[in-house]
Amino acid sequence: MSPDGGPSAAVAVACDPGRVAVLSYAERPELGGLARLRLGRCRTVVVVAAHLDEELCAAGGLLAGLAAGHTELRLLAVTDGDGATSSRPDRAAAQRLGRRRAKLAVAYQHLGLGSATRYRLGLTSGAVAAAEHDVVAAISELLGFADPVGLLCLAPWASDGHPDHDAVGRAATLACQAYRTRLVHYAVTRWEHSDLPDLPMNRARRFPLSEMLRTRKDQVLAHLTRPHHRSASGRLGLTPGPQGHACEVFITYQGVHK
Ligand SMILES: [Zn+2]
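Throughout what follows, the structure given in this document is the object of discussion.

Scoring rules and cut-offs
Residues numbered from 1 in each chain as written. Predicted model: local features only at pLDDT ≥ 70, side-chain atom pairs only at ≥ 80, totals over all residues. Helix = DSSP H or I, 4+ residues; strand = E, 2+ residues; numbered from the N terminus. Buried ≥ 20, exposed ≤ 12 C-beta atoms within 10 Å, placed from the backbone. Contact = placed C-beta atoms within 7 Å. Expected span 1.5 Å × (residues − 1). Bend = angle between axes of the 7 residues up to and from the residue. Pairing = 2+ DSSP bridges. Axes fitted to C-alpha atoms, helices over the stretch in contact; angles between N-to-C directions. Parallel < 35°, antiparallel > 145°, perpendicular 65-115°, else oblique. Nonpolar A, V, L, I, M, F, W, Y, C, P; charged D, E, K, R; others polar. Core = buried A, V, L, I, M, F, W, Y, C linked by C-beta atoms within 7 Å. Right-handed = clockwise from strand over helix to strand, strands pointing away.

## Comments concerning the overall build of the protein
Argument step 1. Along the backbone of the protein there are six helices and eight strands.
Argument step 2. Classification of the 258 residues of the protein by burial places 44% in the buried group.
Argument step 3. Restricting to contacts in the protein with at least 6 residues of sequence separation, those with at least 24 account for 83%.

## Digging into helix α1 (residues 54–68)
Argument step 1. The first and last C-alpha atoms of α1 sit 20 Å apart over 15 residues, in line with the 21 Å expected at 1.5 Å per residue.
Argument step 2. Along its length, α1 shows its largest kink, about 80°, at G60.
Argument step 3. Burial within α1 is extensive, with 13 of its 15 residues counted as buried.

## A few points about the sheet that holds strand β5 (residues 151–156)
Argument step 1. Strand order in the open sheet made by the eight strands is β1-β7-β8-β6-β5-β2-β3-β4, with mixed pairing throughout. Each having just a single partner strand, β1 (35–36) and β4 (117–123) make up the two edges of the open sheet.
Argument step 2. Contacts from α1 reach β2 (44–49), β3 (72–79), β5, β6 (182–186), β7 (204–208) and β8 (247–252), with the element oriented near 170° to β2.
Argument step 3. The strands that helix α3 (residues 132–144) touches are β2, β3, β4 and β5; relative to β3, the one it contacts most, it runs at about 170°.

## Some remarks on helix α6 (residues 211–225)
Argument step 1. Its 15 residues place the ends of α6 21 Å apart at the C-alpha level, agreeing with the 21 Å of an ideal helix rising 1.5 Å per residue.
Argument step 2. Its buried side turned inward, α6 meets α1 and α2 (91–110).

## A closer look at the packing of α2 against α6
Argument step 1. α6 packs onto α2 with a crossing angle of 170° between their chain directions and a minimal axis gap of 10 Å. Regarding the angle of α2 to α6, the classification is roughly antiparallel. Side by side, α2 and α6 meet where K103, V106, A107 and H110 of the first sit next to R216, Q219, V220, H223 and L224 of the second.
Argument step 2. Of the residues in the contact of α2 with α6, the class split is four nonpolar, three polar and two charged.

## A few points about the nonpolar core
Argument step 1. Among the nonpolar cores identified, the biggest contains 70 residues, and V48 and I139 are the most heavily contacted of them.
Argument step 2. Looking at this core element by element, the count peaks at eight residues for α1.
Argument step 3. Other than its neighbours up to four places away in sequence, I139 contacts V46, V48, L76, A171, A172 and A175.

## What to know about the pairing of β5
Argument step 1. Summarising burial for β5: six of the six residues are buried, a large majority.
Argument step 2. Note that β2 and β5 share four bridges and pair parallel. Residue pairing for β5: T44 is matched across the bridge by L151.
Argument step 3. Between β5 and its parallel partner β6, the chain crosses via helix α4 (residues 163–179), and the hand of that crossover is right-handed.

## Remarks on unusual backbone geometry
The general pattern is negative phi for most residues beyond glycine and trans for most peptide bonds.
Argument step 1. In this structure, D53 takes a positive phi of about 75° despite not being glycine.
Argument step 2. Looking at where D53 falls in the secondary structure, it is placed in the loop between β2 and α1.
Argument step 3. The class for D53 is buried, based on 25 C-beta atoms found within 10 Å.

## Some words on the pairing of β8
Argument step 1. For β8, the buried fraction is high: five of the six residues fall into the buried class.
Argument step 2. With three bridges joining them, β6 and β8 adopt antiparallel strand pairing. In the strand pairing of β8, V184 is matched with T252.
Argument step 3. Examined bridge by bridge, β7 and β8 share five bridges and lie antiparallel to one another. In the strand pairing of β8, R205 is matched with F250.

Right under this line is the structure:
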């Protein structure tokens, strides 16, 4: 299954997807030199996420823009965790992850993604590579039942650096090759460790965020990253969150698609 010698047995650590969410031209002017992401008409997008929050941190603006254009979104959550390998059941960790899942549901609503169909594969966080064939099967099922016209798959990059992200990226690539589906990747871990990750710049694309999308994403990030924040109404407030989301960055896959 793995092109680089098989699943990794290394202990995985938790992800910090917030780093990818704060890409701004002011801080990283090189981003302005990237070509713009052009998707054409998207009728259906299958979004694959390895861990909690990552699809919104990396692509929340794009997904909100697609939803506003009446694109149907189908999300596959491969795990319900944060990327860390758990050696034994931990009640406090389970409660923390449960709160994050509840916050994620609110974040979806705030970005206008409430109508997205959400699927949970329930694989073990930190050990996705050991069940990579299950991920291929799950993505294939979603692609196979969708109308191929205007179909797009959005998935982690197979060279992102976290073993779960890489496994999901490989699985998405295999499934999209089989169904000749257009594929676009997002990176998460690469942005954790570098202000300018070593991306394949010829395939990197920027998706500029409008002021409205930027504001909404700021608010969602504030909601997701504040551990004890809770508004009285259960809805997100209008207080701006962390500064600066001028664009999101994606990596296009140059495969054959319908
Ligand atoms: Zn992750």
